[in-house]
Amino acid sequence: MQVRLATVADADPITALINSAFRHGEGFLFDRDRVDREGVRLLLEKGRFLVSDDNGSLSGCVYVELRGDRAYLGLLSVDPDRQNSGLGSTLMNEAERYCADAGCKFMDLQMINLRRELPSFYRNRGYIETGTAPLTPGLNPKRPCHFITMSKQLT
């Protein structure tokens, strides 16, 4: 397995991977795909996806966007068959290294408050809760929810 920067040619497999991972983790909350191909292509114009490539097959990805001395991390996705294998941590390490090498001092992220397994994953990686934010308009969850925001100092 190799972790590399994605290209536009990866948009379709990234879209499928994200939707599969989020359907597995958030199917109790949403009846829709998390992203579409156009959304992934737009994200590729604003930031970067790091992908884990297993001989041409994507098994994980994470989105990062450089924002001055801060970076944003989102859409951490691991193929459901590979979850709990350490791949998510590997992708997080690579994302943090990439952003630190680009001069970012902090990494910010947000997660849905009803994803009970995620806060401890990020806390164990050194992230601290910094507040809350409203859910993105149009997501239409089955239950009321919001984002928890977290941050970590990279340097």
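Residues numbered from 1 in each chain as written. Predicted model: local features only at pLDDT ≥ 70, side-chain atom pairs only at ≥ 80, totals over all residues. Heavy atoms only, no water.

Asker: Let's hear about the nonpolar core: which residues, and what values?
Answerer: Taken as a class, soluble globular proteins show a tendency for nonpolar side chains to be buried jointly. Judged by nonpolar contacts, the single largest core of 22 residues is most densely connected at Leu73, Met107 and Tyr122. When contributions to this core are tallied by element, the ones reaching two or more residues are strand S3 (57–67), strand S4 (70–78), helix H3 (87–101), strand S5 (106–112), helix H4 (118–123) and strand S7 (147–153). In terms of residue count, the dominant contributor to this core is H3 (5 residues). Non-local contacts of Met107, meaning those with residues more than four positions away in its chain, are made with Val64, Ala71, Tyr72, Leu73, Ala95, Glu96, Cys99, Tyr127, Met150, Ser151, Lys152 and Leu154. (Core = buried A, V, L, I, M, F, W, Y, C linked by side-chain atoms within 4.5 Å. Buried < 20%, exposed > 50% of the residue type's maximum accessible area, 1.4 Å probe, protein only. Helix = DSSP H or I, 4+ residues; strand = E, 2+ residues; numbered from the N terminus. Contact = heavy atoms within 4.5 Å.)

Asker: Mind laying out helix H2 (residues 37–46), listing which residues take part and the relevant values?
Answerer: Residues of H2 that are buried: Val40, Leu43 and Leu44. Seen along its axis, H2 keeps its buried residues to an arc of 105°; they face one direction. Away from its buried face by more than 90 degrees, H2 exposes Glu45 and Lys46. Those residues of H2 that are buried lie in contact with helix H1 (11–26), strand S2 (48–54), S3 and S4. (Arc of directions from axis to C-beta.)

Asker: Which residues make up the sheet that holds strand S1 (residues 2–5), and what values go with them?
Answerer: Ordered in space as S1-S2-S3-S4-S5-S7-S6, the 7 strands form an open sheet in which the pairing is mixed. Bordering the open sheet on either side are S1 and strand S6 (128–133), each of which pairs with just one other strand. Pairs of neighbouring strands in the sheet enclose a mean axial angle of 25°, with direction left out of account. Looking at chain direction, S3 and S4 are connected through 7 bridges and run antiparallel. Residue pairing for S4: Leu66 is matched across the bridge by Ala71. Lying on the sheet, H1 is in contact with S2, S3, S4 and S5; it crosses S4 at an angle near 75°. (Pairing = 2+ DSSP bridges. Axes fitted to C-alpha atoms, helices over the stretch in contact; angles between N-to-C directions.)

By themselves, these observations are geometric and do not establish any function.
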